[in-house]
Amino acid sequence: MASQNSSATFGRFIAIEGGEGCGKSTQIKQIASRLAKHGIDAIITREPGGTDNAEAIRELLLSGGDSRWDSRAEALLFAAARGDHVRNLIKPALMRGQWVLCDRFLESSRAYQSGGSGLSDAMILQLHDIGSEGFLPDRVLILDLDEERANSRVSQRDGEARDRIGGRPKEFHCAVRAAFKHYAQQECERIKLINAAADIDAVTDTIMDNLQDMIDA
Ligand code: TYD
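Everything quoted here is computed from the prediction, not taken from an experiment.

A short note on the overall build of the protein
Check the secondary structure of the protein and you find eight helices and five strands. Of the regular secondary structure in the protein, the N- to C-terminal order runs β-α-β-α-α-β-α-α-β-α-α-β-α. What you see for the protein is a C-alpha radius of gyration of 16 Å, in line with the 17 Å of a compact globule of 217 residues. Residue pairs at least 24 apart in sequence account for 79% of intrachain contacts in the protein once pairs closer than 6 positions are excluded. Total accessible area on the protein is roughly 10,200 Å²; 50% of this is exposed by carbon and sulfur atoms.

Set out below in structure tokens:
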């Protein structure tokens, strides 16, 4: 599926992805301020969430016990939240010429609901076709971090508190990480794997290198 935002008059849609504790929210803020230096107006949003409806679905998805939703209902809820977000926030911003930096998007559903939870990748893509008409980011940046460092960052940030999905066992999160890496290998032009173990500014430098062609366009 090719990028749909090829015209220079539209903003660019960038998804920042990765497992728990990989530093997405820090990097998103850094990217927005680096883009501003190039005169690019970028908004930051997140999934699940970003609109009132999608934030309401987020609450349903992330609270309660792990067995609250089975894997099919969970995937449907993520797809429904995403559809609302795409229609009511992401596309309008791109049409105004803004860039959109999104903390998680479709590749999270592919990695968590398929790689980690056993639905097929084709099923997740089908739900995305229904929910969001298959709308894709121009670029996906996957921040890759080993389990040990990721865990220690999550513990520093959240203590012992984990949400319904973040609290799943180590094996689940290893499968998620492997799935992310696989998607980057499969689609290396659009999906970039970024080593997130370096210091904060060095990771931002690498990310900006991976956006340079779109900044110059
Ligand atoms: P969040 O608090 O935003 O986690 P993080 O700071 O790690 O991004 O919670 C989002 C959780 O939802 C996280 O565990 C990943 C999960 N998730 C999915 O399972 N599928 C999805 O499609 C998305 C967007 C998130």
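Let's pick the thread back up.
Some thoughts on the site of the ligand
As a structural note, the neighbourhood of the ligand is formed by 17 residues, with Glu-20, Lys-24, Arg-104, Ser-109 and Gln-113 the closest of them. Within the contact set of the ligand, an oxygen atom lies 2.9 Å away from a side-chain nitrogen or oxygen of Arg-82. At 3.5 Å, a side-chain N or O of Arg-157 approaches an oxygen atom of the ligand. Against a free-state accessible area of 550 Å², the protein chains account for coverage of 92% of the ligand. Of all the secondary structure elements, the ones that give two or more residues to the shell around the ligand are helix H2 (52-62), helix H3 (71-95) and helix H4 (106-115). In terms of residue count, the dominant contributor to the shell around the ligand is H4 (four residues). Here the shell around the ligand is built from residues that sort into five nonpolar, four polar and eight charged.

Digging into the side chain of Gln-113
Within the secondary structure, Gln-113 sits in helix H4. Overall, Gln-113 belongs to the buried group, its relative accessible area being 2%. In terms of polar contacts, Gln-113 uses its side chain to reach the side chain of Glu-74, at 2.6 Å. Not counting the four nearest positions on each side in its chain, Gln-113 is found in contact with Glu-74, Ala-75, Phe-78, Ser-108, Gly-118, Leu-119, Ile-124 and Ile-165.

Comments concerning empty space enclosed by the protein
Inspection of every chain in the model, using the stated rule, returns one cavity of 30 Å³ or more. Empty space within the largest cavity amounts to approximately 80 Å³. Lining the largest cavity we find Ala-75, Phe-78, Ala-79, Arg-82, Leu-106, Ser-109, Gln-113, Ile-124, Leu-127, His-128, Gly-131 and Ser-132. Of all the secondary-structure elements, those providing two or more residues to the lining of the largest cavity are H3, H4 and helix H5 (121-132). Considering only residue class, the lining of the largest cavity consists of six nonpolar, five polar and one charged.

Side note on the side chain of Arg-110
Structurally, Arg-110 can be placed in helix H4. At 2.9 Å, the side chain of Arg-110 forms a polar contact with the side chain of Asp-121. Beyond its immediate chain neighbours, meaning those up to four positions away, Arg-110 contacts Gly-115, Asp-121, Ile-124, Leu-125, Tyr-183, Gln-186 and Ile-191.

Considering the pattern of salt bridges
Counted according to the given criterion, the structure contains 20 salt bridges. As a salt-bridge pair, Asp-144 and Arg-177 come within 2.8 Å of each other at their nearest N and O atoms. Separated by 33 residues along the polypeptide, Asp-144 in strand S4 (residues 139-144) and Arg-177 in helix H7 (residues 170-186) bring together distant segments of the chain. On the accessibility criterion, Asp-144 (13% relative accessible area) is buried. According to the relative accessible area criterion, Arg-177 is partly exposed, its value standing at 28%.

Observations regarding the environment of Phe-10
Mapping Phe-10 onto the fold places it in the segment before strand S1 (13-18). Linking Phe-10 and Ala-202, residues 192 residues apart in sequence, is a C-alpha distance of 29 Å. Setting aside residues no more than four positions away along its own chain, Phe-10 makes contact with Leu-94, Met-95 and Gly-97.

Definitions and cut-offs
- Once a new chain begins, its residue numbering starts again from 1 and follows that chain's sequence as written.
- Whole-chain, interface and lining totals are the exception, using all residues; otherwise, since this is a predicted model, local features are given only for residues with pLDDT of at least 70 and side-chain atom pairs are given and counted only at 80 or more.
- Note that water and hydrogens are dropped before the side-chain values are worked out from all heavy atoms of the structure.
- The helix count covers DSSP runs of H or I at least four residues long, the strand count covers runs of E at least two residues long, and both are numbered beginning at the N terminus.
- Only C-alpha atoms enter the radius of gyration, while the globule expectation follows 2.2 Å times N to the 0.38, with N the number of residues.
- Contact criterion: two residues are considered in contact whenever any of their non-hydrogen atoms come within 4.5 Å of each other.
- Residue-level accessible areas treat just the shown protein chains as cover; the underlying method is Shrake-Rupley with a 1.4 Å probe.
- If even one non-hydrogen atom of a residue comes within 4 Å of a molecule or strand, that residue is called near it.
- Identification of polar contacts relies on pairs of N or O atoms within 3.5 Å, with a donor-acceptor requirement for protein atoms, meaning one able to donate a hydrogen and the other able to accept it, and with residues adjacent in sequence counted only if both atoms are side-chain atoms.
- All amino acids are sorted into three groups, where Ala, Val, Leu, Ile, Met, Phe, Trp, Tyr, Cys and Pro are nonpolar, Asp, Glu, Lys and Arg are charged, and the leftover types, Gly among them, are polar.
- Whether a residue is buried, partly exposed or exposed follows from its accessible area with a 1.4 Å probe, protein chains only, as a fraction of its type maximum: under 20%, in between, or over 50%, in that order.
- A cavity here means a set of 1 Å grid points, computed over protein atoms only, where a 1.4 Å probe fits but cannot escape. A pocket is an open set with protein on both sides within 12 Å along at least 5 of 7 lines, and lining residues have an atom within 4 Å of a point.
- Grid points are joined across faces, edges and corners, and a volume is the space filled by probe spheres set on the points.
- Just to be clear on terms, a salt bridge is a Lys or Arg side-chain nitrogen sitting within 4 Å of an Asp or Glu carboxyl oxygen.

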